[in-house]
Structures are given as C-alpha cells and as structure tokens.
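# Chains, contacts and geometry: an overview
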Amino acid sequence: MSQPVGRVPQRRNARSNRARILATARQELGRNPDITLEELARASGVVRRTLFGHFPGRAALLEALAEEAAEALETAVAVGAPATEPAERALARFTLSIWPVGDRYRMLWALAHRDLGTERVDDILTPARVRATAIVEYGQRDGVFHSHLPPAVLGAALEAMTVALLEEVNTGTFEDDGTRVAVATLIAAGVPEKQARVVVDEVVATATAEDAVDG
C-alpha cells in the first residue's frame, strides 16, 4: 500500500522539529532552569501546538533529554580502552570520552534530582560508574592509584568532582575541553601531577591520530 502524498515530508519535518526543540532546550534550560514550555517554543521557532505535540509537559521534555544523555553516555563509555592499557591511561581516556557528554547535558545536573529523581539519575550514570570503578580497581591493584579508599568510593569521589566542575561550567567560572579535567582526575586518583599531564597529552595525541586515520 502506497503512502499518502506528503506523509514522508511531514514525518521528516516532525523529526526535525523535535530535534530542534531538544537542542534549544539543552541551551535554554542551562540559562534558565525554570523556562516555560511556551517560552521554549518561541526560542525553538515553533508554535506552541507543535512543541506540545512532541512533549505534552515538562516531565516529557526532560525525560527525552535524559534518554538522549543516557544513550550518549553509554556510547562514550563503550569506547573502551585496550585491556592491556595502563590504568592511568584508561582513566584519562575514560574522562576525555565522557566529558563532552557531561558538558552537552550539564543543564540536567541542575534539574536532575528535582525533576528526574535520584533513581532516574542513577540509571543514566550506572554504565559510567561501573566502568570507572573497574578502572580504579585495577589501578589500585597495580599500585597506580590511591588504595586508602575502596574502588567504588574513590570512583564516587571522582564522579562528584566531575559533577562539581560541570556545575562551574554552568555558572561560567570554568571552561575546558576535557584535558584539564582529565589531569585533575588523575591527580585526585593518586597520579603525580607531572605524570598526569604527560599521560593526558599522550592520550589526546593518540586520539587525534586515530581520528585522522578514520577521517
């Protein structure tokens, strides 16, 4: 059975509108967490009815952003390091991979527990937490990271620092492409500062070379 004339362009426009609304929401919610859906519709360049057709309420909009963030974070975590890679390089690579995701969805941190709930936030972060704990665990085993805290606890502390830095980005007091955060994470895990800087530089150079080959 053939599709009605105009159905495909309509669906394409609907996908485009939805993507534009979400992209605008990521920007505007960072500036004003209490923005109304009517204000967001105007900022997105769509009529109120179009926005409500995709997102019937604030909760639906935030859940869509949460789903995007969860998928992006899971993809970033899946960019795994080689099994034989030293723990300090693995942690640097991990931090550099997830920072762009956190930076893109940092406005969710201001809204997460109030609007999404702790359980939903935990669902989003679980893949990253599992990976970070595994890296910390074998880093401690190899004597690379501090061992005075259990792996999960040290991983949670590193996560809290990352979230704090994202909040500073939200306030405009900090800006980074991930390299300074990666160095700070290694130092907090127990790597001497000079070595941490060398490790991060090496990981960045390797990633840049890999991207050039893929491109």
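This is a predicted model, so every value here is computed, not measured. Every residue gets a number counted from 1 within its own chain, in the order that chain's sequence is written. Reporting in this predicted model follows two pLDDT cut-offs: at least 70 for local features of residues, and 80 or more for side-chain atom pairs to be given and counted; totals over whole chains, interfaces and linings ignore these cut-offs and use all residues. The basis for the side-chain values is all heavy atoms of the structure; hydrogens and waters are excluded.

### A few points about the overall build of the protein chain
Secondary structure elements are taken from DSSP: a helix is a run of H or I of four residues or more, a strand is a run of E of two residues or more, and numbering for both begins at the N terminus. Each helix and strand in the protein chain was counted, giving ten helices and zero strands. The order of α-helices and β-strands along the protein chain, N terminus first, is α-α-α-α-α-α-α-α-α-α. Burial statistics for the protein chain: of 215 residues in total, 38% are counted as buried. It only takes one pair of heavy atoms within 4.5 Å for two residues to be counted as in contact. Across the protein chain, contacts joining residues at least 24 apart in sequence account for 67% of those joining residues at least 6 apart. Accessible area of the protein chain: about 11,900 Å², with a carbon and sulfur share of 54%. The cut-offs for exposure are 20% and 50% of the maximum accessible area for each residue type, with area from a 1.4 Å probe on protein chains only; residues under the lower value are buried, those over the upper are exposed, and the others partly exposed. In these tables, accessible area is a Shrake-Rupley quantity obtained with a 1.4 Å probe, and a residue counts as shielded only by the protein chains included in the view.

### Structural notes on the nonpolar core
Judged by nonpolar contacts, the single largest core of 54 residues is most densely connected at Leu29, Leu61, Leu65, Leu73, Leu91, Phe94 and Leu186. When residues of this core are assigned to their parent elements, the largest contribution, nine residues, is made by helix α4 (residues 58-78). In this structure Leu186 touches Glu88, Leu91, Ala92, Val191, Ala196, Val199 and Val200, once residues within four positions along its chain are discounted. Trp99, Leu165, Val169 and Phe174 belong to the second-largest nonpolar core, a separate cluster that totals six residues. Only buried residues count toward a nonpolar core. Its members are Ala, Val, Leu, Ile, Met, Phe, Trp, Tyr and Cys residues joined through side-chain atoms within 4.5 Å.

### Thoughts on the packing of aromatic side chains
Pairing of aromatic rings covers Phe, Tyr and Trp, the last through its six-membered ring, and needs centres within 6.5 Å; plane angles under 30 degrees mean stacked, over 60 mean edge-to-face, and all others mean tilted. As enumerated under the stated definition, the model contains zero aromatic pairs in all. Whether a charge sits over a ring comes down to the Lys NZ or Arg CZ being within 6 Å of the ring centre and within 35 degrees of the ring normal. Stacked on the ring of Phe52, the Lys or Arg Arg48 has its end atom at 4.4 Å from the ring centre.

### Looking at the side chain of Glu85
The residue Glu85 is located in the loop between α4 and α5 (87-104) in this model. Residues contacting Glu85, with those up to four places away along its chain left out, are Ala90, Arg93 and Tyr138.

### Topic: the packing of α4 against α5
A pair of packed helices can be characterised by two numbers: the angle between their axes and the separation between those axes. Note on geometry: axes are lines fitted to C-alpha atoms, helical ones only across the stretch in contact, with angles between N-to-C directions running from 0 to 180 degrees. The contact between α4 and α5 brings their axes to 9 Å, and the two run at 165 degrees. For the element pair α4 / α5, the angle class is roughly antiparallel. Here α4 and α5 pass one another in a crossing that is right-handed. Only Phe94, Ser97, Ile98 and Val101 of α5 make contact with α4, whose side of the interface consists of Ala69, Ala72, Leu73, Ala76 and Val77. In these notes the angle categories are as follows: under 35 degrees is roughly parallel, over 145 is roughly antiparallel, 65 to 115 is roughly perpendicular, and the rest is oblique. For any pair of crossing helices, the crossing counts as left-handed if the nearer helix is rotated counterclockwise from the farther one by less than a right angle, and right-handed if it is rotated clockwise.

### Remarks on the pattern of salt bridges
We count a salt bridge whenever a side-chain nitrogen from Lys or Arg sits within 4 Å of a carboxyl oxygen from Asp or Glu. Using the criterion set out here, one finds twelve salt bridges in the structure. Between Glu28 and Arg31 there is a salt bridge; the shortest N-O distance is 2.7 Å. Of this pair, Glu28 and Arg31 are both found in helix α1 (residues 7-31), three residues apart, which corresponds to roughly one turn of the helix. Residue classification places Arg31 among the exposed positions, given a relative accessible area of 60%. Between Glu85 and Arg93 there is a salt bridge, with the nearest N and O atoms lying 3.0 Å from each other.

### What to know about the layout of surface pockets
For the largest pocket, the calculated volume is near 510 Å³. Using a 1 Å grid laid over the protein atoms alone, points where a 1.4 Å probe fits but cannot get out form a cavity; open sets with protein on both sides within 12 Å along at least 5 of 7 lines form a pocket; any residue with an atom within 4 Å of a point counts as lining. Lining the largest pocket we find 32 residues, and of these Ile98, Trp109, Leu125, Ala128 and Glu159 sit closest to its centre. Of the voids in this model, the second largest pocket is the one considered here, and its volume is about 260 Å³. Lining the second largest pocket are twelve residues, with Val79, Arg93, Leu96, Ser97 and Ala207 sitting closest to its centre. Elements that contribute at least two residues to the lining of the second largest pocket include exactly α4, α5 and α10 (193-214). With six residues, the top contributor of residues to the lining of the second largest pocket is α10. Grid points are joined across faces, edges and corners, and a volume is the space filled by probe spheres set on the points.

### Here we look at the packing of helix α7 (residues 118-141) against helix α8 (residues 151-171)
The N-to-C vectors of α7 and α8 enclose an angle of 120 degrees; their axes lie 8 Å apart at closest approach. When the axis of α7 is compared with that of α8, the two are oblique. You can see that α7 and α8 cross each other, and the crossing is right-handed. Contacts from Leu125, Arg129, Thr133, Val136, Glu137 and Gln140 in α7 reach Pro151, Ala152, Leu154, Gly155, Leu158 and Glu159 in α8. Side-chain classes follow a simple rule in which Ala, Val, Leu, Ile, Met, Phe, Trp, Tyr, Cys and Pro form the nonpolar group, Asp, Glu, Lys and Arg form the charged group, and the remainder, Gly included, forms the polar group. Residue composition of the contact of α7 with α8, grouped by class: six nonpolar, three polar and three charged.

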